[in-house]
Amino acid sequence: MTTSSNPQNQDSDDLVRLIRDAGDWVIPSEQLRTTTLQQARDYQSDKRWERNAFQLGWGILVAACLLLPVADRLDSWMSETRIPNSKEVEAAALKLSQERHQDLGTSTSEVYMRIREEQAELFRTSRDKESN
Amino acid sequence: MAVTTDLSERVRQCAEHIAEHGAAALAGLYDLTAERLTRLAVAITRNQHDAEDAVQATLIKVLANNAALLHSKTPWPYLLRMVRNEALVILRKRKKWSILDGLSDLLTRRNVDTLEQEESMKAVWTALRRLPTDQCEVVVLKIWEDMTFAEIGSTLGIPATTAASRYRYATLKLEQMLRSHDYEEVK
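These notes cover the structure that comes with them. (Residues numbered from 1 in each chain as written. Chains lettered and ligands numbered in written order. Predicted model: local features only at pLDDT ≥ 70, side-chain atom pairs only at ≥ 80, totals over all residues. Heavy atoms only, no water.)

With respect to the nonpolar core
For soluble globular proteins, the rule of thumb is that nonpolar side chains tend to be buried together. Residues and elements named next belong to chain B. Residues L29, L79, L128 and V139 are the most contacted members of the largest nonpolar core, which totals 69 residues. Among the elements that take part in this core, helix α2 (residues 26-45) stands out by supplying 12 residues, more than any other. The residues touching L79, leaving out its near neighbours within four places in the chain, are V11, L29, T33, L37, T58, V62 and L69. (Core = buried A, V, L, I, M, F, W, Y, C linked by side-chain atoms within 4.5 Å. Buried < 20%, exposed > 50% of the residue type's maximum accessible area, 1.4 Å probe, protein only. Helix = DSSP H or I, 4+ residues; strand = E, 2+ residues; numbered from the N terminus. Contact = heavy atoms within 4.5 Å.)

Here it is, written out as structure tokens:
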């Protein structure tokens, strides 16, 4: 700051000095530092958690996308190669016996025979596909 | 000018530390700037609690996006602008009736030698609080931050000539207010 002989400038210099001192007079509270740094740490750990959750979400999504065709193929293969259970065999045998007016034992063995043939056909086709 | 440049360089160094070490390095920036930022925010909000909220919000924002501060050409004025914006947001949100009349919210240094000096500090702060915000912030940046009118202009987004005229009006008003304060005291 320049000192001046002019009384008006002197007043102005005094005013500036007074305001400057008043600026140094006010200070932040003691807890401001602690709370600010704590809030900063909380913010950073929240961000880290968010980032991890986001990455996990993406990981699950990518895994699901990769597994979907595999699961679909597995499902279709399982439904193709599935052997009917006893209730289904019984129902099919009953239907056959009613259609052909024959006893249930014959129909049951016929149904079993048909299932075996279907299975054999399925395995034959898949083997042919693989060899080709 | 030199003060601003030197502070800008130190603020940039702090921003680099924050980019490298995260929240742990924020203490450096806090220790360097908190007092200055707080007094600017107090001058704008006219309340110490609100001012500290503004400073805290600003420093958390620096942590969240320190690239802006790091790549700023003038990091110190940029930081001042950030705290000013936060303070103005708080000022706009605050109800008019909640503005305190006295200086009871202020936290002050205890090394003031005499009662007379403390009285003059109080008189200056009371006078500053009576100034319009746009004039008060120019006084703060000019006198407390040693900025040129061009720097003040770029910090506040106004022409340098406007900053200069606001400063002139403000100092005239302050002079009048402080004179009348002295007069009342003598009486």
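Text resumes after the structure shown.
Brief notes about helix α3 (residues 48-64) of chain B
Residues and elements named next belong to chain B. A rise of 1.5 Å per residue sets the reference length of α3, with its 17 residues, at 24 Å; its end C-alpha atoms lie 24 Å apart and thus fit the reference within 8%. Of all 17 residues that make up α3, 12 are buried, and the element is covered over most of its length. Turning to α3, its buried residues number three or more, namely Q48, D50, A51, E52, A54, V55, Q56, T58, L59, I60, V62 and L63. Of the residues flanking the start of α3, the one acting as N-cap is N47, its side-chain oxygen 2.9 Å from the backbone nitrogen of H49. (Expected span 1.5 Å × (residues − 1). Polar contact = N/O pair within 3.5 Å; in protein donor to acceptor, adjacent residues only side chain to side chain.)

Topic: the pattern of salt bridges
Across all of its chains, the model carries 14 salt bridges over all chains by this definition. For D14 of chain A, the salt bridge is made with R17 of chain A, and the minimal N-O distance between the two is 3.0 Å. Here the residue D14 of chain A and the residue R17 of chain A both occupy positions in helix α1 (residues 7-25), the gap between them amounting to 3 residues, near one helical turn. Under the relative-accessibility criterion, R17 of chain A is labelled partly exposed at 38%. Between E121 of chain A and R124 of chain A there is a salt bridge, and its shortest N-O distance comes to 2.6 Å. Of the two residues, E121 of chain A and R124 of chain A are both situated in helix α4 (residues 104-131); the distance of 3 residues between them amounts to about one turn of the helix. Taken together, the shared-partner salt bridges connect D24 of chain A together with R36, R39 and E145 of chain B into one network. (Salt bridge = Lys/Arg side-chain N within 4 Å of Asp/Glu carboxyl O.)

What about helix α2 (residues 30-81) of chain A?
For α2 of chain A, with 52 residues, the first-to-last C-alpha span of 75 Å sits near the 76 Å given by 1.5 Å per residue. Considering bend angle alone, the principal kink of α2 of chain A is centred on L67 of chain A and spans about 35°; proline P69 of chain A follows within four residues of it. Within the sequence span of α2 of chain A, burial applies to L32, T36, L37, A40 and T81 of chain A. The inward-facing, buried residues of α2 of chain A abut α4 of chain A together with α2 and α3 of chain B. (Bend = angle between axes of the 7 residues up to and from the residue.)

With respect to the interface of chain A and chain B
Tallying the contact residues gives 25 residues for chain A and 40 residues for chain B. When chain A packs against chain B, close to 3,200 Å² is buried across both sides, 69% of that on carbon and sulfur atoms. By the criterion of area lost to chain B, the three top residues of chain A are I19, W25 and V26 of chain A, representing 24% of everything that side buries. Counting across the chain A and chain B interface gives 3 salt bridges. (Buried area = accessible area lost by both parts, 1.4 Å probe.)

Thoughts on a nonpolar patch on the surface
Taken together, F54, W58, L61, V62 and L66 of chain A make up a surface patch of nonpolar side chains, about 550 Å² in accessible area. For W58 of chain A, a relative accessible area of 48% gives the class partly exposed. (Patch = residues over 30% accessible without salt bridge, like charges linked within 9 Å, V, L, I, M, F, W, Y side chains within 5 Å. Areas by Shrake-Rupley, 256 points an atom, 1.4 Å probe, with all protein chains shown as cover.)

Some points on unusual backbone geometry
One non-glycine residue, H101 of chain A, lies in the positive phi region at around 50°. Mapped onto the elements of the fold, H101 of chain A is located in the loop between α3 (86-100) and α4. The phi dihedral of R46 of chain B falls on the positive side, at around 60°, and the residue is not glycine. Under the relative-accessibility criterion, R46 of chain B is labelled buried at 12%.

Quick look at the packing of α2 of chain A against α2 of chain B
Packing of α2 of chain A against α2 of chain B brings their axes to within 11 Å, and their N-to-C directions diverge by 130°. Our classification of the angle between α2 of chain A and α2 of chain B gives oblique. Crossing handedness for the pair α2 of chain A and α2 of chain B: right-handed. Packed against α2 of chain A, whose contacting residues are L32, R33, T36, L37 and A40 of chain A, the element α2 of chain B presents L26, A27, Y30, D31 and T38 of chain B at the interface. (Axes fitted to C-alpha atoms, helices over the stretch in contact; angles between N-to-C directions. Parallel < 35°, antiparallel > 145°, perpendicular 65-115°, else oblique. Left-handed = near helix turned anticlockwise from the far one by under 90°.)

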